[in-house]
Every structure is written in C-alpha cells, then in structure tokens.
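One-letter residues, chain by chain:
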Amino acid sequence: MRRDLQEILCCPVCHGDLDLAVITEDEVEVLEGTLHCRACGIDYPIEDGIPNLLPPGEGAF
Amino acid sequence: MTDDELKRMVRKSYGEIARSGGSCCGPSGCGCESAPVQDEISRRLGYADEDLQAVPAGANLGLGCGNPIALASLQPGETVLDLGSGAGFDCFLAAGRVGPDGRVIGVDMTAEMLSRARENARAGGYANVEFRLGEIEHLPVADGSVDVIVSNCVINLAPDKARVFREAFRVLKPGGRLMISDTVLLRPLPDGVRQSVGAYVGCLSGAIGRQDYLDLVRDAGFHEVRILGESPMTLDCMTNDPTARAIMTDMNLPPGLVAGLGEFIASIQLSATKPERRGSASSPSFSVCD
C-alpha cells in the first residue's frame, strides 16, 4: 500500500479516517502494518502490501 | 443459506479459482490450455487483442461479462475504483488509460485473488494500481473520492445489491459515473438452478431481473441510468467457471435445461451518473453506516 493512496481510504464500518502504523516498508510502499480506526477501535492489518479492510468478522483468511 | 454463508461460499470458490490459475482449468480440471480459452472468451466479450496483450500473464481469468465500454470512457488523471477486481485484468487496462496522473483501486473480498493481482501488478510494473481486501457492500473508500466506478460481472454475487449501489454513490464525486457490466435475468430461473450454490457462484442465481436492477441503481440516487449494451449470456462463458460447471455435473440437470439457460440470462453494460448537486426526493442520506 502506497502512502499517497491512504487519503482516500476509510473505515468500512464508520467511514472514518484511519491512522497508519508501519511495521515494514520499502522505497515504494508499506508492506506490513496496521490501519487503526479511532472511532471503532479496530485495527485493520496490512499484510504483503495489501490492506485487509474487510468488516470485522469477515476478515479471517 | 444466509447472506454470510453465501459470501463465504463465493469467497471460497473464487479463492480456488485464483489458486488454480484460471477459470477453465479449475479444481475439477478440464484438461485444456487455459490462457487461450480465457483470451478467446475475452475477445468475444469485446476486448481488443492489444488489451489482452497489454496485461501481465495470469491477470485475465476469463471470469467477467466484459466491460470494454467502461474502459474506453476513462480519461487521463481519473481515479477509478473496480468493484470485485479479481486478478486485476480490468484494473491494469484502466491503469493504462488513466495514465501516471490517474490511479486505479481494486477491491475484492478474496485474499487469494488479491495476492495474484498484486503479483501481476509487480510483474507489470504498475505504479498507479492498488488493491484492497474489502467488501463491495462496505467499501473502505472515503466519500466523494472517486471519478469512475467500474465492475465486471460481480455485483450479482452480492447478497445486498441495494447497499452496493448506495456505497458506490457515496464514494463517487459529484458528477462521477458508474460504468458496470453484470448479469441480469430475462425471466425467472428454473427452481433447481435458482437453489444451486454452484449456479450462484457462477453468476446465475444471484442475478436479479433487469428492471429490478435498474430500479436499485436509481433508488441509490443515480441519474442518467442507461443500458449501453446487452447480449445473451452464452453458455460457454458461464460454464467456463468450474463452479458453474458443477451445475451440470453435480445437479444432474437434463442437457436440454442446461442448454436453454442462455435464454434466461443476459449480460448488460450500464452507465449512470451521480448528480452534480444532491437531488431532493431520491437523494440517499449517509445512513449507509450501520
């Protein structure tokens, strides 16, 4: 996930803004990390560069 | 079967298709060479040879109804959202059209599909395409942030189609457009097919009537709702999907009924516009939140 595309992301539940926490990134994009919704208190994981923004309960894979 | 069970079934089936490398040679294995079959299907759906050659190998799984009109309408610099982006075929074609100043976001609820899409993006060196794991009924995309929504034979799979269109309306900018293809029913399916999970996953039994479909789009607030193209859904396209093939093998439907299914279903290409200013009576509220 590239940082410049974060601006149009939102929480799939409340549509609020998400805070990015980076674990690993390369020169292009964030590879591992989380997107946190302050309103809902939910952490959405970023794994292998792909944000998992499935609503809670749907995200197991 | 509940909505959640249906979603799990769709996700599982398309995950298997992603792992198997394409729609034709799925888990059941038909013994044919997959890529030429998928390319031939796509040609028949209206994609140009140059489109098929432009995308990374493995991006075209031959699963859609075809959405070439939508792709042709894209302008440089636009932000495009693909609902149900699969292995990324339409995203990569869209990326070429919107150019380096535009961007394309693909949303799909199947992790295996997104992994393939991401590998394809890396292989093709696409800098303006991003993928997110998400549901099209709960789009992880901010209000009013997208110029064009495209979707290729996916919305029929969503249990709550009205919600999908409300979400599409929400994320589009004023003046933004919906350019989608999908399957619709021309008349009710036979009971045995309607109740088949295989038929659901194969884009058959989740489809609704054409007029009902148009009404849902209008009810979400869209204006200028138009069908740009309509064609019978040919049986070999539907049954290219291994899960749809289960209709024939597992359900023991008579060959005559299977051969006649093409009369029940059509592929449409639809365009609609989000008005520049919020209308009054039909304007959706932001009550799409739970």
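Residues numbered from 1 in each chain as written. Chains lettered and ligands numbered in written order. Predicted model: local features only at pLDDT ≥ 70, side-chain atom pairs only at ≥ 80, totals over all residues. Heavy atoms only, no water.

Consecutive side chains along a regular strand alternate between the two faces of the sheet. All names here are of chain B. Taken across its 5 residues, strand β3 (residues 129-133) has 5 buried, putting it largely inside the fold. Because side chains alternate across β3, one face comprises the buried residues Val129, Phe131 and Leu133, and the other comprises Glu130 and Arg132, equally buried. Where strand β2 (residues 103-108) meets β3, 5 bridges bridge the pair, whose relative direction is parallel. Within the sheet, the bridge partner assigned to Gly106 lies in β3 and is Phe131. As for the winding sense of the linkage, the β-α-β connection from β2 through helix α6 (residues 111-124) to β3 is right-handed. (Buried < 20%, exposed > 50% of the residue type's maximum accessible area, 1.4 Å probe, protein only. Helix = DSSP H or I, 4+ residues; strand = E, 2+ residues; numbered from the N terminus. Pairing = 2+ DSSP bridges. Right-handed = clockwise from strand over helix to strand, strands pointing away.)

The next thing to look at is the sheet that holds β2 of chain B. Residue and element names in this part refer to chain B. Taken in spatial order, the 7 strands of this open sheet run β3-β2-β1-β4-β5-β7-β6, and their pairing is mixed. Whereas interior strands pair on both sides, the edge strands pair on one side only; in this sheet they are β3 and β6 (223-232). Averaged over all pairs of adjacent strands, the angle between their axes in this sheet comes to 15 degrees, without regard to strand direction. The pairing of strand β5 (residues 172-185) with strand β7 (residues 265-273) spans 9 bridges and is classified as antiparallel. From the neighbouring strand, Asp182 faces β7, where its bridge partner is Ile268. Running over the sheet, helix α5 (residues 89-98) touches β1 (79-83), β2, β3 and β4 (146-152) and is turned about 165 degrees from β2. Of the strands in this sheet, β2 and β3 touch α6, which is tilted by about 165 degrees from β3. (Axes fitted to C-alpha atoms, helices over the stretch in contact; angles between N-to-C directions. Contact = heavy atoms within 4.5 Å.)

Let's shift gears to the packing of aromatic side chains. Residues and elements named next belong to chain B. Scanning the entire structure with this criterion turns up 4 aromatic pairs over all chains. Residues Phe92 and Phe131 carry aromatic rings whose centres are separated by 6.0 Å and whose planes lie at 75 degrees to one another, so their mutual orientation is edge-to-face. Taken together, the residues span a long stretch of sequence, with Phe92 in helix α5 and Phe131 in strand β3 at a distance of 39 residues. Pair check on accessibility: Phe92 and Phe131 agree, each one buried. The residue whose ring lies beneath Lys274 is Phe169, and the NZ or CZ to ring-centre distance is 4.8 Å. (Phe/Tyr/Trp six-rings, centres within 6.5 Å; stacked < 30°, edge-to-face > 60°. Lys NZ or Arg CZ within 6 Å of the ring centre and 35° of its normal.)

Residue and element names in this part refer to chain A. Taking strand neighbours across the sheet as the criterion, the 4 strands line up as β1-β2-β3-β4 in an open arrangement whose pairing is antiparallel. Unpaired on one side and paired on the other, β1 (18-25) and β4 (50-51) mark the two borders of the sheet. The sheet contact formed by β1 and strand β2 (residues 30-37) spans 7 bridges and is antiparallel. The residue of β2 that forms the bridge with Val22 is Gly33.

With 24 residues of chain A in contact, the opposing surface of chain B contributes 33 residues. For the pair chain A and chain B, the two sides together bury roughly 2,300 Å², of which 55% comes from carbon and sulfur. Connecting chain A to chain B are 4 salt bridges. Notably, a salt bridge pairs Glu7 of chain A with Arg103 of chain B, separated by 3.5 Å at the nearest N-O pair. Across the chain A-chain B interface, the total number found is 12 residue pairs in polar contact (both at pLDDT 80 or more). (Buried area = accessible area lost by both parts, 1.4 Å probe. Salt bridge = Lys/Arg side-chain N within 4 Å of Asp/Glu carboxyl O. Polar contact = N/O pair within 3.5 Å; in protein donor to acceptor, adjacent residues only side chain to side chain.)

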